[in-house]
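Descriptive analysis of the structure
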Amino acid sequence: MNIRLLAKRNIQGNAQRYLAYFFSIVLSVSIFFIYASFIFHPDVVHADIPGGKLISRGLIAAEIVIIIFSVFFIAYSNAAFIQPRKKEFGLLTLLGMSKSQLRKLIYLEQTMVSLISILIGVGLGFLFSKLFLMAISWLLAVEQPISFVFVPEAFIYTIVGFILLFQLLSLFSLFHIGNAEVVDLLKDKQKPKKTPFVSKWLVALSAVCLSISYYLACTLSLNNSYIRVLPIVFFVLIGTYFLFSQSIVALCSRLYRKKKSLYGGTNLITQTNLIFNIKDYSRLFFLTSIITAVILTAAGTLFMFSADLKKQGMDNIPQSIGWIENDASVYSVIEPSAVEKILKEDGFKILYEVNMTGVPITHMLPHMRTGEPNENRSLLISESDYNNAAALRKIEPAKLSGKEALYIFPYGGMDYQFVHKGEQKELHFGNGTIQVTMAGQRNQSIVAPIKAATTLMVVDDQLYHEITADVPLKEMARVRGYEVKDWEESMETSSEIEQMSNNHNQLQTRAPIYQEMKQGSILILFIGLFVSLLFFIVQGSMMYLRVFTNLEDKKIQIHALHRLGLTKKEIRQILSAEIRILFFAPFLIGVIHAIVAYVALSNLLESNLFAYSSMVIATYFLFQLLYYQVTKKMYERAVINSIK
């Protein structure tokens with residue numbers, strides 16, 4: 001018997017404990033290798049693939065996330081593997097093994113597992129990289145599919161990178177175990193657990209931090225999002241940590257004091273185990289709840305953005321084809337008859353058209369960040385023209401009288417108020433000036449927001465006619481627009497119209513912008529789901545490790561309970577309850593965090609995303625339930641089979 005053989009047999013003996021860890025590392029390495037194969041693919045490096053550089057940047061960001069996440073997971077797993085084996089290491093030391101030999105044994109075990117994981121992960125990544133390239137080719141709609149080639153850089157970066165990562169983290173774990181005394185190693189498991197201490201101040205801090213983070217998230221807007229994101233993350237982390245380490249402990253202690261509840265079924269054993277283990281579980285609960293929130297928020301955001309993309313396109317680009325003529329007396333950008341002819345020839349039905357004129361004006365508005373007044377351009381239009389276009393888009397009509405004016409800002413996601421009701425404002429047009437009273441501001445577009453028509457100023461019909469009475473048509477601007485049925489399919493038609501136009505900067509077509517955004521969102525969703533899947537597997541692995549690291553202690557406890565008269569059915573109830581709490585307590589908190597994030601996203605997009613968020617949470621719950629059932633069956637079998 002030598003150290004190398006002993007390390008090999010230790011791995012074989014702990015195969016069940018290593019299973020989830022091994023699978024997670026293989027998946028991490030595989031995804032990393034697949035992404036690296038695309039990043040260093042010759043076609044991407046030489047810019048032969050449209051959009052390849054953009055995807056490459058996204059994949060590089062995903063690679064960084066994978067590496068950072070792997071560092072925390074491997075470090076946690078190494079600690080989880082070493083902790084329950086301290087007695088074993090103490091016995092080996094007592095039998096004559098030196099500290100250097102003990103370090104070598106642990107080092108060999110971790111190196112063997114890491115090398116096998118890396119090799120299998122790279123092998124699987126290489127096999128599935130062809131499917132990945134085919135999927136990317138289809139998503140990018142390239143004429144020639146991306147060729148499957150051998151990419152040496154992917155092998156080098158993946159193998160060398162993960163070997164260095166494992167070696168570095170292994171050295172950290174060796175330092176801790178190598179400095180422990182024999183008596184400490186032998187008695188580590190015998191140390192009695194004390195009733196966890198609870199601080200009322202920390203419980204209150206948890207409630208305050210979570211309340212602040214939820215308030216900031218629920219009142220999030222596009223204007224303040226950049227200054228609120230970091231505070232929200234900070235308060236969520238602090239609040240969640242003390243929620244599990246203090247608030248949940250306080251709740252369990254309160255339940256434990258209600259003696260009547262302890263005498264029902266197996267509650268005495270279940271609740272006693274919970275209150276003494278909750279402190280140990282708190283870090284795991286904190287990590288897994290945050291991971292759950294990250295997965296649900298990221299996957300949900302990507303899915304909801306992709307699913308809501310059509311609505312966003314229609315909100316931000318009012319008509320399928322729209323343009324503005326700086327001179328309302330002629331059509332210099334494109335003739336409406338030419339647009340109608342192309343649409344008819346290509347089989348697209350025109351649902352409605354917009355044709356309105358307005359006067360370019362200037363007025364002062366506050367800067368969004370500094371608040372300093374700045375000169376801004378708008379298009380002055382009549383109330384009837386606005387209401388006609390608003391009716392076509394099912395928007396509430398304006399109701400103005402006298403010298404009232406309504407300011408129209410086209411981007412609904414921004415709730416910044418440039419004007420306030422009752423505010424006096426001077427409008428300058430040509431050589432004239434008129435003072436109006438602002439009736440308010442609306443953040444919604446009714447015509448293509450291009451050039452002078454980006455923002456609109458709506459006034460009463462009578463006032464509009466008074467202003468424009470002496471303004472010649474050539475000094476006015478004309479806005480035209482066509483809404484067509486099945487506009488998503490009008491890519492080629494839109495391209496043809498753009499080619500016919502004399503000024504692309506004054507023409508806007510919805511289909512090309514929508515298709516580009518759709519393609520980008522699908523690619524991001526595709527990449528994000530891989531990373532989310534990895535996060536989910538790793539999170540499940542952490543819980544799996546936590547369950548099986550205490551397997552021997554649990555066998556001893558269950559064996560003693562069985563001798564006292566507990567049936568196997570009651571033992572299964574105890575084990576199921578413990579694992580259920582382990583899996584679903586952090587899941588519940590993670591879901592609450594994610595729901596708050598969905599509310600913030602709904603506010604930003606001005607859309608009801610309840611259906612989408614429910615689908616994401618339900619899908620995640622099913623995966624979590626499946627993982628729970630598999631772990632429970634394996635754990636119950638391992639514990640109950642030990643009962644004689």
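Because the structure is a prediction, the values reported are computed rather than measured. (Residues numbered from 1 in each chain as written. Predicted model: local features only at pLDDT ≥ 70, side-chain atom pairs only at ≥ 80, totals over all residues. Heavy atoms only, no water.)

1. What to know about the overall build of the chain
Convention followed: A helix here means a DSSP run of H or I that spans at least four residues, while a strand means a run of E at least two residues long, and both kinds are numbered starting from the N terminus. When a residue's accessible area, from a 1.4 Å probe over protein chains only, is under 20% of the maximum for its type it is buried; when over 50% it is exposed; and in between it is partly exposed. Any pair of residues with heavy atoms lying within 4.5 Å of one another is described as a contacting pair. Only the protein chains shown count as cover for residues, with accessible areas throughout obtained via the Shrake-Rupley method and a probe of 1.4 Å.
Scanning the chain from terminus to terminus reveals 21 helices and 9 strands. Counting every position in the chain, which comprises 644 residues, the buried fraction comes to 50%. Long-range pairs, those at least 24 residues apart, make up 82% of the contacts in the chain between residues at least 6 apart in sequence. Accessible surface, the chain: about 31,900 Å² in total, of which carbon and sulfur atoms supply 62%.

2. What to know about the pairing of strand β8 (residues 477-484)
What counts is decided by this rule: For two strands to pair, DSSP has to find at least two bridges joining them.
In terms of burial, β8 is largely enclosed, as 8 of its 8 residues are buried. Residues Ala477, Val479, Gly481 and Glu483 line one face of β8 and the alternating positions Arg478, Arg480, Tyr482 and Val484 line the opposite face, and both faces are buried. When strand β2 (residues 350-366) meets β8, the two strands line up antiparallel, connected through 8 bridges. Pairing of Thr357 across the sheet is with Arg478, part of β8.

3. With respect to a negative patch on the surface
Threshold: Two joining distances apply to patches: 9 Å for like charges and 5 Å for nonpolar side chains (Val, Leu, Ile, Met, Phe, Trp, Tyr), and every residue must have over 30% relative accessible area and no salt bridge. One side-chain nitrogen of Lys or Arg within 4 Å of one carboxyl oxygen of Asp or Glu is enough to make a salt bridge. In this tally, Lys and Arg are treated as positive and Asp and Glu as negative; His is ignored, and so are the chain termini. Charged side chains are reduced to one point each, which is NZ for Lys, CZ for Arg, CG for Asp and CD for Glu.
Taken together, the side chains of Glu345, Asp346, Glu492 and Glu496 present a region of like negative charge at the surface. As for its position among the elements, Glu345 is in helix α14 (residues 336-345).

4. Considerations on the layout of surface pockets
How we decide: Two kinds of site are reported from a 1 Å grid over the protein atoms alone, namely cavities, where a 1.4 Å probe fits but cannot get out, and pockets, open sets with protein on both sides within 12 Å along at least five of seven lines, and residues are called lining when an atom falls within 4 Å of a point. Grid points are joined across faces, edges and corners, and a volume is the space filled by probe spheres set on the points. For this classification, the nonpolar set comprises Ala, Val, Leu, Ile, Met, Phe, Trp, Tyr, Cys and Pro, the charged set comprises Asp, Glu, Lys and Arg, and every other residue, Gly included, is treated as polar.
The computed volume of the second largest pocket comes to approximately 730 Å³. What lines the second largest pocket is a set of 24 residues, among which Ile232, Val233, Ala293, Thr297 and Ala597 lie closest to the centre. Sorting the residues of the lining of the second largest pocket by element identifies α9 (200-218), α10 (225-257), α12 (267-307) and α20 (568-605) as the ones contributing at least two each. In terms of residue count, α20 provides more of the lining of the second largest pocket than any other element does, 8 residues in total. Residues belonging to the lining of the second largest pocket are distributed by class as follows: 20 nonpolar, 4 polar and no charged.

5. Focus on the pairing of strand β3 (residues 373-382)
Pairing of β2 with β3, which is carried by 8 bridges, proceeds in the antiparallel orientation. Residue pairing for β3: Val359 is matched across the bridge by Leu380. Taking the residues between adjacent antiparallel strands as the criterion, β2 and β3 are bridged by 6 residues, where Gly371 takes a positive phi near 80°.

6. Some words on the nonpolar core
In plain terms, the rule: For our purposes a nonpolar core is just a set of buried Ala, Val, Leu, Ile, Met, Phe, Trp, Tyr and Cys residues, chained together by side-chain atoms within 4.5 Å.
One finds Tyr21, Tyr35, Leu296, Phe548 and Tyr635 to be the most contacted residues of the largest nonpolar core, which totals 97 residues. By residue number, the principal contributor to this core is α20, which donates 15 residues. If near-sequence neighbours (up to four positions away) are discounted, Tyr35 is found in contact with Leu59, Ala62, Glu63, Ile66, Phe132, Ile527, Phe530 and Val531. Counting 24 residues, the second largest nonpolar core, distinct from the first, contains Ala453, Leu456, Val458 and Val479.

7. Overview of the confidence of the model for the chain
Short version of the rule: Confidence of the predictor in every single residue is expressed as pLDDT, which spans 0 to 100.
When pLDDT is averaged across the chain, the result is 80; 85% of the residues are at 70 or more. Mean pLDDT across the elements of the chain bottoms out in helix α8 (residues 182-187) (51) and peaks in strand β7 (residues 456-459) (92).

8. Considerations on the pattern of salt bridges
According to the stated counting rule, one finds 3 salt bridges in the structure shown. Between Lys425 and Glu423 there is a salt bridge, and its shortest N-O distance comes to 3.4 Å. Here Lys425 falls in the buried class, since its relative accessible area comes to 6%. A relative accessible area of 25% means that Glu423 is categorised as partly exposed. Among the ionic pairs, Glu483 bridges to Arg510, the shortest N-O distance being 3.0 Å.

9. A few points about helix α13 (residues 309-316)
The test is simple: Here, the arc refers to the directions that run from the helix axis to the C-beta atoms.
Listing the buried residues of α13 in full gives Leu309, Gln312 and Gly313. Axial view of α13: buried residues confined to an arc of 100°, hence all on one face.

10. Description of the environment of Phe536
Mapping Phe536 onto the fold places it in helix α18 (residues 510-549). On the basis of relative accessible area, Phe536 is assigned to the buried category, the value being 7%. Along the chain, Phe536 and Gln624 lie 88 residues apart, while their C-alpha atoms are 8.5 Å from each other. Setting aside chain neighbours within four positions, we find Phe536 in contact with Ile295, Tyr620, Phe623, Gln624 and Tyr627.

11. Let's talk about a nonpolar patch on the surface
A cluster of nonpolar side chains, namely Ile116, Ile120, Leu124, Leu127, Phe128, Leu131 and Met134, defines an oily patch on the protein surface of about 660 Å² accessible area. When you line up the elements, Leu131 lands in helix α6 (residues 99-140).

12. Considering the packing of aromatic side chains
Put simply, the test is: Between 30 and 60 degrees the pair is tilted, below 30 it is stacked and above 60 it is edge-to-face, where a pair is any two Phe, Tyr or Trp rings, Trp via its six-membered ring, whose centres lie within 6.5 Å. Consider the ring centre and the ring normal. A charge sits over the ring if Lys NZ or Arg CZ is within 6 Å of that centre and within 35 degrees of that normal.
The full count for this structure, using the stated rule, is 27 aromatic pairs. Here the aromatic rings of Tyr241 and Phe242 are separated by 5.3 Å at their centres, their planes lie at 75°, and the arrangement is edge-to-face. Accessibility expressed as a relative area gives 29% for Tyr241, which makes it partly exposed. Its relative accessible area of 18% is what places Phe242 among the buried residues. Here the aromatic rings of Tyr241 and Phe286 are separated by 5.5 Å at their centres, their planes lie at 90°, and the arrangement is edge-to-face. Taken together, the positions of Tyr241 in helix α10 and Phe286 in helix α12 put the pair 45 residues apart, joining distant regions of the chain. In this structure Phe286 comes out as buried when scored by relative accessible area, which is 17%. A cation over a ring is seen here: Arg510 above Trp487, with NZ or CZ 4.7 Å from the ring centre.

13. Side note on the packing of α13 against α18
Defined as follows: Note on geometry: axes are lines fitted to C-alpha atoms, helical ones only across the stretch in contact, with angles between N-to-C directions running from 0 to 180 degrees. By convention the crossing between two helices is left-handed if the near helix lies anticlockwise of the far one by an angle smaller than a right angle, and right-handed if it lies clockwise.
Close contact between α13 and α18 brings their axes to 10 Å; oriented N to C, the two are set at 145°. Here α13 runs over α18; the crossing is right-handed. Together, Leu309, Lys310, Gly313 and Met314 of α13 and Arg510, Tyr514, Met517, Lys518 and Ser521 of α18 make up the contact between the two elements. Here the contact of α13 with α18 is built from residues that sort into 4 nonpolar, 2 polar and 3 charged.

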